[in-house]
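Chains, contacts and geometry: an overview
Okay, here's what each chain looks like letter by letter:
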2 protein chains.
Amino acid sequence: MLQEPILTGTQNCAECPIRHRAVCARCETDELQRLEEVKYYRRFEAGQTIIWCGDRMDFVGSVVSGVATLSQTMEDGRTQMVGLLLPSDFVGRPGRPVAAYDVTATTDVLMCCFRKAPFEGLMADTPHIAHRLLEMTLDELDAAREWMLVLGRKTAREKIASLLSIIARRDAILHQRSKDAPVVFDLPLTREAMADYLGLTLETVSRQVSALRKDGVISLEGKRRITVPDLSRLLDEAGDDSAT
Amino acid sequence: MLQEPILTGTQNCAECPIRHRAVCARCETDELQRLEEVKYYRRFEAGQTIIWCGDRMDFVGSVVSGVATLSQTMEDGRTQMVGLLLPSDFVGRPGRPVAAYDVTATTDVLMCCFRKAPFEGLMADTPHIAHRLLEMTLDELDAAREWMLVLGRKTAREKIASLLSIIARRDAILHQRSKDAPVVFDLPLTREAMADYLGLTLETVSRQVSALRKDGVISLEGKRRITVPDLSRLLDEAGDDSAT
DNA sequence: CGCATCATTGAGGGCTCTCAAGAACTGTGG
DNA sequence: CCACAGTTCTTGAGAGCCCTCAATGATGCG
């Protein structure tokens with residue numbers, strides 16, 4: 001799905017694609033070296049569960065490539081996605097021994113893992129890691145709160161448009177397209193995963209995607225490839241005050 | 001609503017009721033002294049807006065007493081509460097010049113404010129503040145994610161039960177009651193505020209509260225005072241896996 | 001080609017919202 | 001102490017949005 005460098009064994013941090021956005025972004029070379037001593041890579045296939053809620057966590061880490069999801073499940077099977085993990089996002093909570101959520105790979109995922117105990121020691125020693133983690137956590141908190149508005153107050157159509165807007169915006173930044181060019185991207189999520197993210201059923205997701213297509217807000221190539229001819233139109237549909 | 005100490009002018013941190021839970025919890029006496037130099041108190045009446053979304057923020061701070069809410073509003077007036085601020089909770093984001101949410105006092109509120117620029121300087125110097133803030137932010141992120149499940153997947157009845165559970169649990173901890181004694185507390189929120197928190201209308205909130213009363217899960221004295229005869233019953237209604 | 005997975009579409013029902021009226025509580029002034 | 005407005009809350013009736021159940025269609029892989 002997403003391009004992924006072929007990595008075998010240990011990789012040099014200096015050449016890491018997420019070097020300047022991950023939890024290690026602010027580290028000096030000596031700090032990086034200490035991180036490198038406690039790090040290792042793990043690879044997961046699309047669909048595979050990375051961590052089960054309640055499992056002992058002996059590592060924390062960063063998503064290097066691919067997309068993973070954070071989700072919660074009730075006894076009767078209702079599930080709600082509570083986070084989308086993109087490259088550079090952090091997994092795990094320092095100081096907590098047990099995972100609070102299920103983590104699942106939705107595409108092939110490469111993770112850079114740090115052994116937990118030494119990582120916690122590093123956090124205490126080197127302010128750069130702790131500061132960066134605080135910054136990232138504050139960003140995630142903002143994203144979670146943004147999402148609470150989507151879940152609590154938006155219609156199914158607005159929910160779909162909101163999700164597509166987020167992915168489209170990320171894509172626009174990543175590829176630095178011109179403002180007026182149509183945005184094209186692949187959905188990294190199945191209809192079911194979209195439903196779990198949006199608090200809908202997969203049938204409703206399917207219906208609303210079809211409706212947006214019929215209304216010309218988006219067009220589809222196959223099931224996953226989406227073209228947005230007019231991004232501001234999509235933002236309107238999402239109900240966000242895009243201004244202008 | 002909540003008892004509130006009568007404070008005039010500056011107060012000594014050593015006697016502060018939230019001394020050991022707020023952002024300053026880990027500070028040594030010399031760090032506290034530096035904090036005290038940049039702090040001041042502000043008082044807000046119930047119903048008053050503390051901060052408008054988009055306002056310049058020249059301070060951050062802690063709720064000392066009372067209850068405040070964090071909320072987002074769409075252009076057409078739909079609003080979603082995204083956080084409940086209780087005593088010791090932190091307000092504002094270091095490094096951000098502008099408020100991202102509306103902050104409203106739902107009861108009389110006393111806030112301990114720190115001038116933003118010097119506070120940010122202190123954060124860079126003293127690891128205790130940054131560490132505590134990270135810990136608090138991670139807790140808030142967990143709470144936000146917990147709430148996403150409520151908003152996305154729970155029924156109206158379960159939503160009400162979930163909200164009451166949260167308040168009841170906090171009250172049980174605060175008052176250290178025996179396990180089996182009935183829990184009694186005052187709702188710090190109007191029906192409308194509850195609706196904004198739960199992603200419902202106030203009519204639905206009212207109906208479901210009545211239904212829980214008719215079914216004996218709770219009983220009411222006036223509109224606000226609630227008795228929970230059997231907490232585990234309430235937790236069941238909330239749909240959480242309370243286990244035993 | 002057949003199977004499995006993922007997605008689409010339809011029909012009907014239920015939960016929550018909208019609109020509306022009235023009741024209960026609060027504070028003010030006579 | 002009571003009258004009266006203003007706010008908050010409750011309750012009802014009907015509509016609409018989304019869910020549930022079900023069948024069909026597309027896509028990919030052995």
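Criteria and thresholds
Residues numbered from 1 in each chain as written. Chains lettered and ligands numbered in written order. Predicted model: local features only at pLDDT ≥ 70, side-chain atom pairs only at ≥ 80, totals over all residues. Heavy atoms only, no water. Helix = DSSP H or I, 4+ residues; strand = E, 2+ residues; numbered from the N terminus. Expected span 1.5 Å × (residues − 1). Buried < 20%, exposed > 50% of the residue type's maximum accessible area, 1.4 Å probe, protein only. Contact = heavy atoms within 4.5 Å. Least-squares fit on C-alpha atoms with pLDDT ≥ 70 in both. Near = heavy atom within 4 Å. Polar contact = N/O pair within 3.5 Å; in protein donor to acceptor, adjacent residues only side chain to side chain. Nonpolar A, V, L, I, M, F, W, Y, C, P; charged D, E, K, R; others polar. Arc of directions from axis to C-beta. Disulfide = S-S within 2.5 Å.

If you check an unreviewed UniProt entry, chain A appears there as CRP/FNR family transcriptional regulator, anaerobic regulatory protein from Primorskyibacter flagellatus.

**What to know about helix 4 (residues 156-175) of chain B**
All names here are of chain B. Taking 1.5 Å as the rise per residue, helix 4 with 20 residues should run 28 Å; its terminal C-alpha atoms sit 29 Å apart, in good agreement. Of all the positions in helix 4, only Ala156, Glu158, Lys159, Ile160, Ala161, Ser162, Leu163, Leu164, Ser165, Ile167, Ala168 and Asp171 are classed as buried. Its buried side turned inward, helix 4 meets helix 3 (127-153), strand 9 (183-186), helix 5 (191-198), helix 6 (202-214), strand 11 (225-228) and helix 7 (231-238).

**What to know about the relation of the copies chain B and chain A**
When chain B is brought onto chain A, the operation consists of a screw motion whose angular component is 180° and whose axial shift is 0.0 Å, with 0.0 Å RMSD remaining. Given the turn and translation reported, the copies of this chain are related as if by a two-fold rotation axis. Most of the interface of chain B is mirrored in chain A, where 100% of its interface residues are also at the interface.

**Looking at the protein's contact with DNA strand C**
Close to DNA strand C lie 18 residues, the nearest being A:Arg191, A:Ser206, A:Ser210, B:Ala156 and B:Thr204. Here the atoms of DNA strand C within 4 Å of the protein split so that 64% fall in sugar or phosphate, with bases taking the remainder. B:Ala156 places a polar main-chain atom, nitrogen or oxygen, 2.7 Å from a phosphate oxygen of DNA strand C. B:Arg207 places a polar side-chain atom, nitrogen or oxygen, 3.0 Å from a base oxygen of DNA strand C. Listed by contribution, the elements that provide at least two residues to the surface near DNA strand C are helix 6 (202-214) of chain A together with helix 6 of chain B. With five residues, the single largest contributor to the surface near DNA strand C is helix 6 of chain A. Broken down by class, the residue content of the surface near DNA strand C amounts to three nonpolar, seven polar and eight charged.

**Observations regarding helix 7 (residues 231-238) of chain A**
All names here are of chain A. Taken residue by residue, helix 7 has Leu234, Leu235, Glu237 and Ala238 as its buried positions. The buried residues of helix 7 occupy an angular sector of 160° when projected down its axis, which confines them to one face. Buried-residue contacts for helix 7 involve helix 4 (156-175), helix 6 and strand 11 (225-228). One or two residues past the end of helix 7 sits Gly239, with phi positive at roughly 80°.

**Focus on the state of the cysteines**
Counted according to the given criterion, the structure contains zero disulfides over all chains. With no disulfide partner, A:Cys113 has as its closest neighbouring cysteine sulfur the one in A:Cys112, 6.9 Å distant. Looking at B:Cys112, it has no disulfide partner, and the nearest cysteine sulfur is the one in B:Cys13, 6.2 Å off. Residue classification places B:Cys112 among the buried positions, given a relative accessible area of 7%.

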